[in-house]
Amino acid sequence: MNDMSEDWRLLNQLQYLYNARLVFKPYNHCGHWDREQCEFCAKKFDVAVVENTMQQGYVTEAGDRWVCEKCYGDFGEWFDWG
Ligand SMILES: [Zn+2]
């Protein structure tokens, strides 16, 4: 496992996303806001195909936290998601 603890994207996500159950889904506005951001890199999710947004990603079972595919790949082992 790479040591990701120095990664710029890592803030306090370990407190709420460690060992979380994430499901790959099309983005569907089920979070707190019309537009969600990746919990790590802050890239935006949108149901509409808008430049620099993503239309699918990994979401918690509660549906309130989204993680993009890139960050899921980068942090998956570290966070024990899979
Ligand atoms: Zn990301």
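Located above this text is the structure these notes cover.
Remember, it's a predicted structure, so these values are computed and weren't measured experimentally.

A.B. asks: I keep staring at the nonpolar core and nothing clicks. Help me out?
C.D. replies: The nonpolar side chains of a soluble globular protein tend to be buried, and buried together. L17, L22, F40, V67, F75 and W81 are the most contacted members of the largest nonpolar core, which totals 20 residues. Every element with two or more residues in this core is listed here: β4 (56–60), β5 (66–67) and α2 (69–79). Here the element with the most residues in this core is α2; it accounts for four residues. Those residues within four positions of F75 in sequence are excluded, and the remaining contacts are M4, D7, R9, L10, F40 and W81.

A.B. asks: Which parts of the structure should I look at to understand the environment of L22?
C.D. replies: Note that L22 resides in strand β1 (residues 22–26). Residues L22 and W66 lie 44 residues apart in sequence; the distance between their C-alpha atoms is 8.6 Å. When sequence neighbours within four positions are dropped, the list of residues in contact with L22 reads L17, Y58, V59, T60, V67, Y72 and W81.

A.B. asks: What is the right way to read the pairing of β4 from this model?
C.D. replies: Residues in a regular strand project their side chains so that they alternate between the two faces of the sheet. A large share of β4 lies buried, amounting to four of its five residues. As judged from the five bridges shared by β1 and β4, these two strands associate in the antiparallel manner. Bridge assignment links V23 to a residue of β4, and that residue is V59. The turn joining β4 and β5, which pair antiparallel and follow one another in sequence, is formed by five residues; a positive phi near 80° is taken by G63.

Procedures and definitions
- Residues numbered from 1 in each chain as written.
- Predicted model: local features only at pLDDT ≥ 70, side-chain atom pairs only at ≥ 80, totals over all residues.
- Heavy atoms only, no water.
- Core = buried A, V, L, I, M, F, W, Y, C linked by side-chain atoms within 4.5 Å.
- Buried < 20%, exposed > 50% of the residue type's maximum accessible area, 1.4 Å probe, protein only.
- Helix = DSSP H or I, 4+ residues; strand = E, 2+ residues; numbered from the N terminus.
- Contact = heavy atoms within 4.5 Å.
- Pairing = 2+ DSSP bridges.

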